[in-house]
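The chain contents come next:
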Amino acid sequence: ARAPTATGAGALGAAGLSHRFVDRPARTGTWLRSRPQRALALGAASVAVVSVIAASLPVAERQVETEWVAAAAALAHDGYAGAASEPSSAAETARGMTPSPSRAAEDEPQTLAPGCTGVPRSPTTPTCVGGDPNGDVRVALVGDSHAKQWATAVFAIAEERGWRVETYAHASCPFNVEERAVEAAGGVVCEGPNIATMAALLADPYDIVITANWAAGDFVESGTGQPPGVAGYAEVWNRLADAGSRVVVIKDVPKPRTHPLAADCLSVHYDDPASCGMPRDEALEGRDIVDRARVLAPRTFVVDITDRLCDETVCPAVIGNVVVYRDTNHLTDTFVRTLTPFIDARLPEELGRS
C-alpha cells in the first residue's frame, strides 16, 4: 500500500503534469490559438481530470490509513514482540506495525493524568501517586518529560513490587542544579521548581529515587571543568544519596531519525521500515552525560536499555512490529510497555520486592 504522504506527493505531480502538458500548450499552441473554443473545451477537460484525481486522493489516503490501523489492532489482539525482539530483526514486519505510524505521535503515556506534569513555564511541579498507593516502599519518579516517558513501566513494576510511587515530572526541566540555556533566554521556568522538588525529596527522604532526563539538555557553561550539565547531575544524585535514598537513573534513549521524523519516514516506507533507522554512532552521539556524571556520583545506579533499542550498527524505527519513537526524542508508550520487564530485571538487586 502507498503511504498517505506518498499519495500527497502524487497530487502535486498531477497538478504539475497538468500545467506542463495541458495548460501551457493550451496557451501557446497555434492550433488552439486559431480556435479559442477548442482551448476552452480542453481547459475545462483538464480541470475536470485534475479535480477527479484530487478528489480521489483523500479517499485513497483514508483507505491506506484504515489498513494500517487494522493491522495495528490485529497486532494488539494477537500479540507483538516489541523490545523482546532483537533490534536486528527490525525488518520482520510482515504483519504490519503498532501503533500506526500516522498515529504514533498520539501514543503518549496514559498513566499520568495531564495535570500530573508541569508545563515548561509553570512555577511549580505537581505531584501524583501511582503504583501501589498503600505500598511500604516509597519511590519518587523525578525529571522532565523523559521521566514521564517511563511512568507506564515504573508504575507497573511498582504495583508488582508493592511500591508507592510519587511523581515530580516537569516538562523541559531536567532535574539538575545547572541552568539550561533556554531558561536563561526566558523560555522555561526550571530553577524554582527544581529547588522546591529537591527540598521535598530531602525533607522526607524516599527509599528510592528514580530519575530520567533528556540527554541533550542545553546547559549553560558552569565553569566546573566538566561538560555542561555533568556536575549538576552529580550534585543532585550525591545529595539524594547522602539523605539515604537509593538513586536509580534510567539512561536516556538513542536519538531517532528526525529529518524526516521516524514515524513520517515509516509512513512513506511502511513496507521497508529498516530504511527508517538511525546509524548507531549518530544515535548515541552526546548520550554519555549520565556516564560522565556517575563517575562523580559513584553511588548512583544506572539502568541502560540501549541494547534493546540498537544493534551493533543501527537503532531501528520499528522493533518486534512496534514503532519505537513517537517524536524527536520520546518512545511510544506501546514500546515502553514492552521494555518494562527489561527495566524490572535491571534494577539493583538489593531493592528486592515487597
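This text follows the structure it describes.
To start, this report covers the structure provided alongside it. (Residues numbered from 1 in each chain as written. Predicted model: local features only at pLDDT ≥ 70, side-chain atom pairs only at ≥ 80, totals over all residues. Heavy atoms only, no water.)

What follows covers the state of the cysteines. With the rule as written, the count across this model stands at four disulfides. The residue that forms a disulfide with Cys173 is Cys190, at a sulfur-sulfur distance of 2.1 Å. Here the S-S torsion is close to -85°, and the disulfide linking Cys173 with Cys190 is therefore left-handed. In this pair, Cys173 sits in the loop between strand E4 (163-170) and helix H6 (181-184) while Cys190 sits in the loop between H6 and helix H7 (191-203), placing the two residues 17 residues apart along the sequence. On the accessibility criterion, Cys173 (1% relative accessible area) is buried. Judged by its relative accessible area of 4%, Cys190 is buried. For Cys310, the disulfide goes to Cys315, at an S-S distance of 1.9 Å. Residues Cys310 and Cys315 are joined through a disulfide that is right-handed, its torsion about the S-S bond being 95°. (Disulfide = S-S within 2.5 Å. Helix = DSSP H or I, 4+ residues; strand = E, 2+ residues; numbered from the N terminus. Buried < 20%, exposed > 50% of the residue type's maximum accessible area, 1.4 Å probe, protein only.)

This paragraph deals with the packing of H7 against helix H8 (residues 230-242). It is at 9 Å that the axes of H7 and H8 come closest, and there the two elements cross at 25°. In terms of their interaxial angle, H7 and H8 are classed as roughly parallel. As H7 packs across H8, the resulting crossing turns out to be right-handed. For the pair H7 and H8, contact is made by Met198, Leu201 and Leu202 and by Val236, Arg239 and Leu240, respectively. Residue composition of the contact of H7 with H8, by class: five nonpolar, no polar and one charged. (Axes fitted to C-alpha atoms, helices over the stretch in contact; angles between N-to-C directions. Parallel < 35°, antiparallel > 145°, perpendicular 65-115°, else oblique. Left-handed = near helix turned anticlockwise from the far one by under 90°. Contact = heavy atoms within 4.5 Å. Nonpolar A, V, L, I, M, F, W, Y, C, P; charged D, E, K, R; others polar.)

What follows deals with helix H12 (residues 333-346). Taking 1.5 Å of rise per residue, 14 residues should cover 20 Å, and H12 covers 19 Å from first to last C-alpha, within 8% of that figure. Of all the bends in H12, the largest measures some 40° and sits at Leu339, one to four residues before the proline Pro341. Among all positions in H12, only Asp333, Thr334, Phe335, Val336, Thr338, Leu339, Thr340, Ile343 and Asp344 are buried. Buried residues along H12 sit against helix H4 (145-149), helix H5 (151-161), strand E8 (301-303), strand E10 (318-319) and strand E11 (322-323). (Expected span 1.5 Å × (residues − 1). Bend = angle between axes of the 7 residues up to and from the residue.)

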